[in-house]
Amino acid sequence: MVCTESHYSNQIYGGYSIKGAKLAQIEVPGTGGWNVWKILTATISESVSGVHVVYFGFLGKNITAGRELFNFDYWSFQKK
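Described in the following lines is the structure provided in the data block. (Residues numbered from 1 in each chain as written. Predicted model: local features only at pLDDT ≥ 70, side-chain atom pairs only at ≥ 80, totals over all residues. Heavy atoms only, no water.)

This next bit is on the overall build of the protein. In terms of regular secondary structure, the protein is built from zero helices and five strands. Mapped from its N terminus to its C terminus, the protein presents α and β elements in the order β-β-β-β-β. In the protein, which comprises 80 residues, the proportion classed as buried is 25%. Taking the intrachain contacts of the protein between residues at least 6 apart in sequence as the baseline, contacts between residues at least 24 apart amount to 60%. Counting only carbon and sulfur atoms, one obtains 53% of the accessible surface of the protein, whose full area is about 5,900 Å². (Helix = DSSP H or I, 4+ residues; strand = E, 2+ residues; numbered from the N terminus. Buried < 20%, exposed > 50% of the residue type's maximum accessible area, 1.4 Å probe, protein only. Contact = heavy atoms within 4.5 Å. Areas by Shrake-Rupley, 256 points an atom, 1.4 Å probe, with all protein chains shown as cover.)

Moving on: a nonpolar patch on the surface. There is a patch of nonpolar side chains on the surface, built from F58, F72, W75 and F77 and spanning about 390 Å² of accessible area. Among the residues examined, F72 registers a relative accessible area of 32% and is labelled partly exposed. (Patch = residues over 30% accessible without salt bridge, like charges linked within 9 Å, V, L, I, M, F, W, Y side chains within 5 Å. Salt bridge = Lys/Arg side-chain N within 4 Å of Asp/Glu carboxyl O.)

Structurally, T31 can be placed in the loop between β3 (21-28) and β4 (53-59). At a separation of 3.1 Å, a polar atom in the side chain of T31 contacts the main-chain carbonyl oxygen of G33. One polar contact links the side chain of T31 to the main-chain carbonyl oxygen of V36, over a distance of 2.7 Å. (Polar contact = N/O pair within 3.5 Å; in protein donor to acceptor, adjacent residues only side chain to side chain.)

All told, the structure shown has three aromatic pairs when counted by the stated rule. For the pair W75 and F77, a centre-to-centre distance of 5.0 Å together with 70° between the ring planes defines the contact as edge-to-face. Among the aromatic residues, those joined into a cluster by ring pairs are F56, F72, W75 and F77. (Phe/Tyr/Trp six-rings, centres within 6.5 Å; stacked < 30°, edge-to-face > 60°.)

This paragraph deals with the environment of G20. Summarising the element assignment, G20 is placed in the loop between β2 (8-15) and β3. Contacts of G20, omitting those with residues within four sequence positions, involve Y13 and G14.

What follows is the structure, encoded as structure tokens:
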């Protein structure tokens, strides 16, 4: 669940570092404000099993020092 005023991107990696395999990318649209929350979904790009460390990479464009990207409340995985 996220909220933001601008559009950003969140990348999800599995493995032992941020340089692991990119499993998914979620585009984070502007939600209309810092207290307007939206649930976003993405499909994992490859088959994953077992226990893994998960890393989130938060990307923004034209970010000035001290500016916040978005509020990130929680995440979960669901088996299809």
